[in-house]
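# An overview of the molecular structure
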Amino acid sequence: MSNHIEINDGHLKDLENEAIFVMREVAAQFEKKIILFSGGKDSIVLVHLARKAFWPARMPFSLLHIDTGHNFEETIVFRDDLAGELGVELIVKYVQNSIDKGRVTEEQGVNASRNKAQSVTLLDAIEELNIDVAIGGGRRDEEKARAKERFFSHRNEFGQWDPKNQRPELWNIFNGRKHLGEHFRVFPISNWTELDVWQYILSEKIKLPGLYYTHRRKIFKRNNIYLAWAPFMQLKPNEEVFEADVRCRTIGDITCTGITLSKAESLEEIIAEIAATRVTERGGRYDDKRSEAAMEDRKKEGYF
């Protein structure tokens, strides 16, 4: 299968320049700053942009990964290799430690997930490390709650987000002033679409985990969503595990990462596949199916 992809270099350059401008504003306005790194494509693009923004100097951000303990092994290997290659500080905080300390109660049953518990681990890490700003890969096209975000998203002393009380950002003037105990989340690729991200990855020749390309994996189907099978996941009586050619469109905790049946083995084929689909990127995220306001509720509680 061969696909010729037309890339609008001018459009991508505008998006890149905007993201780099935001990152430089973060570097200028904040003291303790980190990139929230999940090992997914958006956070990998963030790291690439940060590297370009401050080249030839080392980027002034550490990487923070909230490890649920239920991550894809490929993600962890890629994370460690990338941090080593760049020579940047990698900070890993574990949801399991939050469970052991009684900070969160682990969900039970067939739909159990540690995805929501990440919020507690993240907020504890922000307080422990005195983080002023956490840079994330959220994009406004992903989901209706994220469409409400500014570039600079203020969080109060409890780590909570108020969508009705955000600061104006006229003429790209960003207000990073905060009180003691408060912090910011900053989203440099807010105006990018999923297709923009993939075209940028192709244009910049950015390396990704093999999970994004077609591979053979054991999966099962639940509520019309394909999920990867792992030994810690409980199956319902009517669910069966089988092998198929699949890839990940977005990567998170195994329990909520939807799997796409796919034959796309190259970036060009992935871009063609995404351009033709009518299913949104987060349409395959099982955690977003819990309620109509699932994402907004989690964001208010301190989620990424």
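Higher on the page you've got the structure.
Keep in mind the model is a prediction, meaning the values are calculated, not measured. (Residues numbered from 1 in each chain as written. Predicted model: local features only at pLDDT ≥ 70, side-chain atom pairs only at ≥ 80, totals over all residues. Heavy atoms only, no water.)

## Things to note about unusual backbone geometry
A cis amide bond, omega 10°, links Trp55 with the succeeding residue Pro56. With a phi angle near 55°, Lys205 is a residue other than glycine that sits in the positive phi range. When you line up the elements, Lys205 lands in the loop between helix H6 (194-204) and strand S7 (215-222). Here Asn223, not a glycine, exhibits a phi torsion of approximately 50°, which is positive. For Asn223, the location among the structural elements is in the loop between S7 and strand S8 (225-228). Here Asn223 falls in the exposed class, since its relative accessible area comes to 54%. (Helix = DSSP H or I, 4+ residues; strand = E, 2+ residues; numbered from the N terminus. Buried < 20%, exposed > 50% of the residue type's maximum accessible area, 1.4 Å probe, protein only.)

## Some details on the pattern of salt bridges
Side chains that differ in charge, positive against negative, can pair when their charged atoms come close. Enumeration over the complete set of coordinates arrives at 20 salt bridges. Put simply, Arg222 and Glu239 hold a salt bridge, and the shortest N to O gap is 2.7 Å. Of this pair, Arg222 sits in strand S7 while Glu239 sits in the loop between S8 and strand S9 (242-248), placing them 17 residues apart in sequence. Each of the two residues, Arg222 as well as Glu239, counts as buried. Linked through salt bridges whose partners overlap, the residues forming this network are Lys13, Glu16, Lys52 and Glu204. (Salt bridge = Lys/Arg side-chain N within 4 Å of Asp/Glu carboxyl O.)

## Side note on the pairing of strand S2 (residues 62-67)
Within S2, 6 of the 6 residues are buried, which leaves the element mostly enclosed by the surrounding structure. Residues Ser62, Leu64 and Ile66 line one face of S2 and the alternating positions Leu63, His65 and Asp67 line the opposite face, and both faces are buried. Alignment of strand S1 (residues 33-36) against S2, held across 3 bridges, turns out to be parallel. Bridge pairing in S2 links Leu36 to Leu64. The parallel pair S1 and S2, bridged by helix H2 (residues 41-54), forms a crossover whose chirality is right-handed. Judged from the 5 bridges that link them, S2 and strand S3 (residues 90-94) form a sheet pairing that is parallel. When the bridges of S3 are listed, Asp67 appears paired with Tyr94. (Pairing = 2+ DSSP bridges. Right-handed = clockwise from strand over helix to strand, strands pointing away.)

## Details of the sheet that holds S7
Sheet architecture is closed into a barrel: 4 strands sit in the order S7-S8-S10-S9, paired in antiparallel fashion. When strand polarity is set aside, the average angle formed by the axes of neighbouring strands in this sheet is 70°. As defined by bridge partners, S9 adjoins strand S10 (residues 258-261) across 3 bridges and the pair is classed as antiparallel. Across the sheet, Cys248 pairs through a bridge with Ile259, a residue of S10. (Axes fitted to C-alpha atoms, helices over the stretch in contact; angles between N-to-C directions.)

## Looking at the packing of aromatic side chains
Here the distance between the centres and the angle between the planes together describe a pair of aromatic rings. Counted by the stated rule, this structure contains 7 aromatic pairs. Pairing Trp198 with Tyr212 gives two aromatic rings, centres 5.5 Å apart and planes at 80°, and the pair type is edge-to-face. Taken together, the residues span a long stretch of sequence, with Trp198 in helix H6 and Tyr212 in the loop between H6 and S7 at a distance of 14 residues. Put simply, the rings of Phe30, Phe152 and Phe184 touch in pairs and so form one group of aromatic residues. Over the ring of Phe151 we find Arg140; its NZ or CZ atom is 5.1 Å from the centre of that ring. (Phe/Tyr/Trp six-rings, centres within 6.5 Å; stacked < 30°, edge-to-face > 60°. Lys NZ or Arg CZ within 6 Å of the ring centre and 35° of its normal.)

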